[in-house]
Amino acid sequence: MGSTRLPGKVLRPIGHLSVLGHVLGRLTLSKHELKLIVATSTQKQDDVIKDFCRSVDVNCFRGDEQDVLDRYYQCAKQYGLKHVVRLTADNPFTDIEELDRLIDLHLQQGFAFTHSFASLPIGVGAEIFAFNALERSWEEGHALHHREHVDEYLIENPDKFKTGVLEVPAVKNKPDLRLTVDTEEDWQKACDLVAQAPDEWLGTEQLIALCSAFA
């Protein structure tokens, strides 16, 4: 809730759901059985996120606001997770079809770190860590940026972690398109997109087409 560029953004409404509501709602469409956990901070301002999670019957873990790597590690440890799928709460348009393919790739190939950021629009992809990779990052990643961003140590040390990158269909290859919510302009665009089809989960191809029509 403490975003400086867009205060309270994760609970801002987009259509009939909040931004976080869109994230969680899309995850229910996955073919995989996922344990949903919202990992927020212990700051007073984030009490409303805990209340929201309680209202929608979703697990809520609270940890350090600045040391996000520690927050993820402690959360995964508490819940006994073997793998962690990371989605940030300001990305309401996660491509669940590609997420399912990402999970399959990660598990079938035994990767330590797998992501789908290379080609998809910004805010649509996801990443997965094996718990032992997350733990090693937590143990060895001591620089400030390693603690503020969960994946920085893995990205900087590809020789230490078996890494997979998901190949996506050409029709979804639009890495320069912003579909995240980080500014007032992003939020307004997200509202406009959802207004085009308020009763359906817009797919990435639809979102790209709509953005092209708005341009």
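The coordinates are above.
> So what's going on with the packing of helix α8 (residues 184–196) against helix α9 (residues 204–214)? Which residues, and what values?
For the pair α8 and α9, interaxial distance at closest approach is 11 Å and the crossing angle is 110 degrees. When the interaxial angle is binned, α8 and α9 end up roughly perpendicular. In the crossing of α8 with α9, the sense of the turn from one axis to the other is right-handed. For the pair α8 and α9, the contacting residues are D192, L193 and Q196 in the first and L207, L210, C211 and F214 in the second. Partitioning the contact of α8 with α9 into residue classes produces five nonpolar, one polar and one charged.

> Mind laying out the packing of helix α3 (residues 68–79) against helix α5 (residues 131–140), listing which residues take part and the relevant values?
Running from N to C, α3 and α5 point in directions that differ by 140 degrees, and their axes come no closer than 10 Å. Put simply, α3 runs oblique to α5. Judged by the sense of rotation from one axis to the other, the crossing of α3 with α5 is left-handed. Between α3 and α5, the contacting residues are L69, D70, Y72, Y73, Q74, A76 and K77 on the first element and F131, L134, E135, S137 and W138 on the second. Class assignment of the residues belonging to the contact of α3 with α5 gives a composition of seven nonpolar, two polar and three charged.

> So what's going on with the pairing of strand β4 (residues 59–63)? Residues and values would help.
Examined bridge by bridge, strand β3 (residues 37–41) and β4 share five bridges and lie parallel to one another. Within the sheet, the bridge partner assigned to T40 lies in β4 and is R62. The parallel pair β3 and β4 is bridged by helix α2 (residues 47–55), and the resulting crossover is right-handed.

The rules behind the values
- Along every chain, residues carry numbers that run from 1 in the direction the sequence is written.
- In keeping with the predicted nature of the model, local features appear solely for residues at pLDDT of at least 70, side-chain atom pairs appear and are counted solely at 80 or more, and the whole-chain, interface and lining totals rest on all residues.
- Hydrogen atoms and water are omitted, and side-chain values are computed over all heavy atoms in the structure.
- A fitted line through C-alpha atoms represents every axis, and for helices the fit uses only the stretch in contact; the resulting angles, taken between N-to-C directions, go from 0 to 180 degrees.
- Here a strand is any run of E in DSSP of at least two residues, a helix any run of H or I of at least four, and the numbering for each starts at the N terminus.
- Our angle categories are set so that under 35 degrees counts as roughly parallel, over 145 as roughly antiparallel, 65 to 115 as roughly perpendicular, and the remainder as oblique.
- For any helix crossing, the convention is left-handed if the near helix is rotated counterclockwise from the far helix by under a right angle, and right-handed if that rotation is clockwise.
- Residue contacts are counted whenever heavy atoms from the two residues lie within 4.5 Å of one another.
- Throughout this entry, Asp, Glu, Lys and Arg are counted as charged residues, while Ala, Val, Leu, Ile, Met, Phe, Trp, Tyr, Cys and Pro are counted as nonpolar. The remaining residues, Gly among them, count as polar.
- Here, strands pair whenever DSSP counts at least two bridges between them.
- With its strands directed away from the observer, a crossover is right-handed exactly when the path from the first strand over the helix to the second travels clockwise.

Everything listed here is a matter of geometry and, on its own, says nothing about what the molecule does.
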